[in-house]
Amino acid sequence: MPVIVITGASAGIGRACAERFLDTGWQVALLARRAAALDEIAQDRPEALALPCDVTDEAQVAAAFAATVARFGRIDALFNNAGLMPKGALIDEITVEDWRHAVDVNLTGMFLCARAAFGQMRRQSPQGGRIINNGSIAAHVPRPGSVVYTTTKHAITGLTKTLSLDGRALNIACGQIDIGNAATDMTAGIGAGAMQADGSLMPEARMDVAHVADAVLHMASLPPEANIPFLTIAATTMPWQGRG
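The following paragraphs examine the structure supplied in this document. Starting from 1, residues in each chain are numbered consecutively following that chain's sequence as written. Whole-chain, interface and lining totals are the exception, using all residues; otherwise, since this is a predicted model, local features are given only for residues with pLDDT of at least 70 and side-chain atom pairs are given and counted only at 80 or more. Only hydrogens and water are set aside; all other atoms, that is, all heavy atoms of the structure, feed into the side-chain values.

### Considering the environment of threonine 162
Now for step 1: The topology assignment puts threonine 162 in helix 5 (residues 147-166).
Now for step 2: C-alpha separation for the pair threonine 162 and cysteine 174, spaced 12 residues apart in sequence, amounts to 8.8 Å.
Now for step 3: In this structure the side chain of threonine 162 is engaged in a polar contact, spanning 2.9 Å, whose partner is the backbone oxygen of glycine 158. Helical segments are the DSSP runs of H or I of at least four residues, strand segments are the runs of E of at least two, and each set is numbered from the N terminus. Two N or O atoms form a polar contact when they lie within 3.5 Å of each other; inside protein one atom must be a possible hydrogen donor and the other a possible acceptor, and for residues adjacent in sequence the pair counts only when both atoms belong to side chains.

### A word on the pairing of strand 5 (residues 129-134)
The side chains of a regular strand alternate between the sheet's two faces.
Now for step 1: Burial classification: accessible surface area is computed with a 1.4 Å probe over protein chains only, and a residue below 20% of its type maximum counts as buried, one above 50% as exposed, and the rest as partly exposed. Counting buried positions along strand 5 gives six out of six residues, so the element sits mostly inside the fold.
Now for step 2: Residue alternation in strand 5 divides its side chains into two sets, Gly129, Ile131 and Asn133 and Arg130, Ile132 and Asn134, and both sets are buried.
Now for step 3: In the sheet, strand 4 (residues 77-80) pairs with strand 5 via four bridges, with the strands oriented parallel. Paired with leucine 78 across the bridge in strand 5 is isoleucine 131.
Now for step 4: We call a crossover right-handed when, viewed with both strands directed away from the observer, the connection leading from the first strand over the helix to the second proceeds clockwise. Taken together, strand 4, helix 4 (residues 96-123) and strand 5 constitute a β-α-β crossover, and its handedness is right-handed.
Now for step 5: Inspection of the sheet shows strand 5 paired to strand 6 (residues 172-180) by six bridges, in the parallel sense. Each residue of the ladder has a partner; that of isoleucine 132, found in strand 6, is glycine 175.
Now for step 6: In this fold, strand 5 hands off to helix 5, which returns the chain to strand 6; that crossover is right-handed. Only strands that DSSP links by at least two bridges are regarded as paired with each other.

### Topic: the nonpolar core
Now for step 1: Definition used in this section: a nonpolar core is a set of buried Ala, Val, Leu, Ile, Met, Phe, Trp, Tyr and Cys residues joined via side-chain atoms within 4.5 Å. In this structure, Ile6, Phe21, Val28, Leu30, Phe79, Ile177 and Val212 are the most contacted members of the largest nonpolar core, which totals 41 residues.
Now for step 2: Between two residues, a contact is recorded if the distance between any of their heavy atoms is within 4.5 Å. Apart from the residues lying within four places of it in its own chain, the contact partners of phenylalanine 79 are Ile4, Val5, Ile6, Thr7, Ile13, Cys17, Ile132, Asn134, Ile177 and Val216.
Now for step 3: Among the nonpolar cores identified, the runner-up in size contains 30 residues, and Phe65, Ile75, Leu78 and Ala82 belong to it.

### Concerning the packing of helix 1 (residues 12-23) against helix 7 (residues 209-221)
Now for step 1: Put simply, helix 1 and helix 7 touch, their axes get as near as 9 Å, and they point 60 degrees apart. For the element pair helix 1 / helix 7, the angle class is oblique. Every pair of crossing elements has a handedness; the one defined by helix 1 and helix 7 is right-handed. Where helix 1 approaches helix 7, its residues Gly12, Ile13, Ala16, Cys17, Arg20 and Phe21 are matched on the opposing element by Val209, Val212, Ala213, Asp214, Val216, Leu217 and Ala220. Note on definitions: angles span 0 to 180 degrees between N-to-C directions of axes, and those axes are lines fitted to C-alpha atoms, for helices only across the stretch in contact. When describing relative orientation, an angle under 35 degrees is termed roughly parallel and one over 145 degrees roughly antiparallel, while 65 to 115 degrees is termed roughly perpendicular and anything else oblique. For any pair of crossing helices, the crossing counts as left-handed if the nearer helix is rotated counterclockwise from the farther one by less than a right angle, and right-handed if it is rotated clockwise.

If you want it as structure tokens, here you go:
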């Protein structure tokens, strides 16, 4: 059975993907900070491995990936998903502490997990694997007052492109999924009323998170000779082309 590591697996998109992969016959390493939620997903599933982990901690990330290999023998894919969405604000209203925290989770955390996965995929036999980074519609266009989140998600695009290039000779593919308004706790406020470019508040359409899980599964299940570098999936009527 193929093996995938999913970060941010305790809730939202990460949990939906973890359950979808498990139902499809994958072996899944579940990484997140909330141990109880991971144990709930992994209960009575021998193909699941719950690994409480703070993705911003280099030692914890290294230990989690080592535990995955010890249990399953290799890593075929990483869904680099863990992240946070800071409260919207203008740049001069954002503390440096809040900026650094978001960068640590959304960017450094993804770097550390990609680094661990890349190193394992490079060394294992047969060599190779696939890294899928969770970008965002914000990797294309910002929301009003989203300077921190948007900056980190644009940076993920650079991470994806470089890993895709550097991984070619090592049979490591890298792709990115950019998601718009999946129905999770994180987007509950958007469904109630989100700030628009003209200053108005408007509830935005959301889509079932199961569609995201299906898309990630499709990306991860491609044969080694095929890759989806970038996939955008969004609620059909949400405003995102120009955010207008």
